[in-house]
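Breakdown of the fold
What follows is each chain in one-letter form.
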Amino acid sequence: MAIDLNKNAVKILEEHAVNAGLSQVVGVEQISVEDAHELTEDTFLIAATKGNMFFWTPGQTDSQKTDLGLQVDRTHYCSWGLTASPNQAIFCLLESVSSFNDHLTMREPGRLVIFTLASHEQIREKVQGPQFMPDYLELFRSSYVKSGLELPDSYENVHAKWWINSVGAQKSQTARDICQAVEIELRMTAANTFTEKFPKLDKKIRCAMYEFLQKHTKDKKILKKTNDFLRRNPVDECMECDVCKGKLQHLELQYVTCGKGHQLPRCTVTQFPLGVPSYRFCSWCNSPYAASVAHSTCILCTGPILNFQ
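In this report, the structure presented in the accompanying data block is examined. (Residues numbered from 1 in each chain as written. Predicted model: local features only at pLDDT ≥ 70, side-chain atom pairs only at ≥ 80, totals over all residues. Heavy atoms only, no water.)

1. Here's the deal with the sheet that holds strand S13 (residues 279–282)
Pairing in this open sheet of 3 strands is antiparallel, and the strands run S14-S13-S15 from one edge to the other. Strands at the two margins of the open sheet, each flanked by one partner only, are strand S14 (288–290) and strand S15 (305–307). On average, each strand axis in the sheet is tilted by 35° relative to the strand beside it, whichever way the strands run. Two strands pair when backbone bridges link them, and S13 and S14 are joined in this way by 3 bridges, in the antiparallel orientation. Along S14, the bridge assignment pairs Tyr279 with Ala290. (Pairing = 2+ DSSP bridges. Helix = DSSP H or I, 4+ residues; strand = E, 2+ residues; numbered from the N terminus. Axes fitted to C-alpha atoms, helices over the stretch in contact; angles between N-to-C directions.)

2. Focus: the layout of surface pockets
Rolled over the atoms, a probe as big as a water molecule pinpoints where empty space is left. Quantified by volume, the largest pocket comes out at close to 550 Å³. Forming the boundary of the largest pocket are 25 residues, of which Trp162, Ser166, Glu183, Gln254 and Cys285 lie nearest the centre. (1 Å grid on protein atoms, 1.4 Å probe; cavity = no way out; pocket = protein on both sides within 12 Å on 5 of 7 lines; lining within 4 Å. Points joined across faces, edges and corners; volume = space filled by probe spheres on them.)

3. Brief notes about the pattern of salt bridges
This model, assessed by the stated rule, comprises 6 salt bridges. The partner of Arg141 in a salt bridge is Glu138, with the nearest N and O atoms 2.5 Å apart. Residue Arg141 and its partner Glu138 are both found in helix H2 (residues 134–147); the two are separated by 3 residues, about one turn of the helix. Residue Arg141 is classed as partly exposed on the basis of its relative accessible area of 31%. Its relative accessible area of 30% is what places Glu138 among the partly exposed residues. Here Asp228 ties to Arg231 by a salt bridge, and the two come within 3.0 Å at their closest N and O atoms. Note that Asp228 and Arg231 are positioned in helix H6 (residues 220–232) at a spacing of 3 residues, about one turn of the helix. Among the ionic contacts, a cluster of salt bridges with common partners joins Lys224, Asp228 and Arg231. (Salt bridge = Lys/Arg side-chain N within 4 Å of Asp/Glu carboxyl O. Buried < 20%, exposed > 50% of the residue type's maximum accessible area, 1.4 Å probe, protein only.)

4. Concerning unusual backbone geometry
For residues besides glycine, phi is generally negative; the peptide bonds are generally trans as well. Within the chain, Gln88 stands out as a residue other than glycine whose phi angle is a positive 60°. Tracing the backbone shows Gln88 in the loop between strand S7 (77–84) and strand S8 (91–97). Of note in the backbone geometry, Asn286 takes a positive phi value of approximately 70° without being a glycine. Mapped onto the elements of the fold, Asn286 is located in the loop between S13 and S14.

5. Comments concerning the nonpolar core
The nonpolar side chains of soluble globular proteins are, as a tendency, buried together. One finds Trp162, Val269 and Tyr289 to be the most contacted residues of the largest nonpolar core, which totals 59 residues. The greatest single-element share of this core, amounting to 8 residues, is contributed by helix H4 (residues 173–197). What Val269 contacts, discounting residues up to four positions off in sequence, is Ala190, Ala191, Phe194, Met209, Tyr289, Val293, His295 and Ile299. Residues Ile31, Leu45, Met53 and Phe91 belong to the second largest nonpolar core, which totals 11 residues. (Core = buried A, V, L, I, M, F, W, Y, C linked by side-chain atoms within 4.5 Å. Contact = heavy atoms within 4.5 Å.)

6. What about the packing of aromatic side chains?
What the rule picks out here adds up to 4 aromatic pairs. A centroid spacing of 5.5 Å and a plane angle of 10° characterise the contact between Phe91 and Phe115, whose relative ring orientation is stacked. With Phe91 in strand S8 and Phe115 in strand S9 (residues 110–115), this pair connects stretches of sequence that are 24 residues apart. Aromatic pair Phe140 and Tyr144: ring centres 6.2 Å apart, planes at 15°, arrangement stacked. Of this pair, Phe140 and Tyr144 both sit in helix H2, 4 residues apart, roughly one helical turn. Since its relative accessible area comes to 0%, Phe140 is described here as buried. The positively charged end of Arg111 is found above the aromatic ring belonging to Tyr77, 3.6 Å away from the centroid. The ring of Tyr144 carries Lys171 above its face, with NZ or CZ at 4.9 Å from the centroid. (Phe/Tyr/Trp six-rings, centres within 6.5 Å; stacked < 30°, edge-to-face > 60°. Lys NZ or Arg CZ within 6 Å of the ring centre and 35° of its normal.)

Function cannot be read off these values alone, since they describe shape.
Here is the structure:
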């Protein structure tokens, strides 16, 4: 089928048909060859109201189509829809009980069947590549937690590197160290860019950013700038606990702590301690952001930033 956008017309080049059974087709997904090496470029995954899902390529006869073979008992269920994540890492089938459902004895009137066509090897290849694919990262996370999928040895995307190692940090000290090193680099880049974009920042916010940069940077030019500023504006005079107004004693990567033990999160961009609940947060990784930071996506995982509710 060809579509001419200028003429607002559709031209049908070929017609093919497949028998999906006696029921209605509820979902069709064209499968990416890159994600399913055993399938051809024009392979489709088709779901009908009743019966098994199957792969079909235009030109094949009904006898040549291949059942997906989900290891799920669907005897008493009918399907209502099939969809896939943006990169086809995850597929989801919506089903409901097709037989008589007495809600007093059967409390499962509907369900979502979530599955993937990707092997562990393909998942690792995706998260190691240059493209940032959130659905494959989430698939990796679930596979890592459930079956112990090994962490990749190398990464081409820095955000994927942070995400994967933040998942592995719960079990591996090496992953924890990598995650922290990547986060420091991303935070430093964001802080330095922010100071250059807004040269007339509030002294307290600039102090927080320069303290962080001074602690972690190896750039001599940035280090000189931060040293000069903090010499004139000591951290103790610029930053205080938002709860008790006491001095901050421990300034860590993600949090600051005062002498009375109050712990406040640091803005992921400005590094300034955030009072609750005056900040925004990433809906994927929960990284906090000051309300004054206009970023719409997280600098760590690229997830959307939401206002505090």
